[in-house]
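A look at the structure
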Amino acid sequence: QVQLVESGGGSVQPGGSLRLSCAASGSIFSIYYMGWYRQAPGKQRDMVARISRSGTIGYADSVKGRFTISRDNDKNTVFLQMNSVKPEDTAVYHCFAFARAASAPTAEDYWGQGTQVTVSS
């Protein structure tokens with residue numbers, strides 16, 4: 001199994017910055033993709049950013065130019081640097097990983113519990 005633990009959420013004023021971290025642990029064979037989704041109250045969960053093991057990156061249009069995703073493969077950790085945040089960025093941010101556990105025949109999706117980000121003046 002693979003466990004994901006997020007940290008770094010909190011409250012920030014519009015225009016400010018916040019950095020989220022997510023560390024994967026457990027008996028891991030390989031992590032192919034890591035990234036972040038977010039879910040605002042009453043809305044569906046949407047992809048924010050994701051990064052492959054080789055460094056291929058994708059962003060939602062709404063965060064391009066403001067958020068930066070990075071990854072430390074040696075530490076099985078993914079980061080999300082959030083700059084110039086807006087009230088509409090308020091949501092629960094969930095870390096995800098498409099990974100293969102050591103005892104599993106194939107890869108599957110794993111999710112963290114989520115961390116609240118609130119952007120408000």
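Remember, it's a predicted structure, so these values are computed and weren't measured experimentally.

A closer look at the side chain of Arg38
Within the secondary structure layout, Arg38 lies in strand β4 (residues 28–39). Its relative accessible area of 13% is what places Arg38 among the buried residues. Within the structure, Arg38 has its side chain in polar contact with the side chain of Tyr93 (distance 2.9 Å). The contacts of Arg38, once residues within four sequence positions are left out, are Gln44, Arg45, Asp46, Val48, Ser62, Val63, Phe67, Glu88, Asp89, Ala91, Val92 and Tyr93.

Considering the pairing of strand β11 (residues 115–119)
Only one face of β11 is covered, namely the face carrying Thr115, Val117 and Val119; the face carrying Gln116 and Thr118 is uncovered. Taken together, the three bridges between strand β2 (residues 10–12) and β11 define a ladder with parallel strand orientation. Looking across to β11, one finds that Ser11 is bridged to Thr118. Pairing between strand β9 (residues 91–101) and β11: three bridges, direction antiparallel. By the bridge assignment for β11, Val92 is matched with Gln116.

How each quantity is defined
Residues numbered from 1 in each chain as written. Predicted model: local features only at pLDDT ≥ 70, side-chain atom pairs only at ≥ 80, totals over all residues. Heavy atoms only, no water. Helix = DSSP H or I, 4+ residues; strand = E, 2+ residues; numbered from the N terminus. Buried < 20%, exposed > 50% of the residue type's maximum accessible area, 1.4 Å probe, protein only. Polar contact = N/O pair within 3.5 Å; in protein donor to acceptor, adjacent residues only side chain to side chain. Contact = heavy atoms within 4.5 Å. Pairing = 2+ DSSP bridges.

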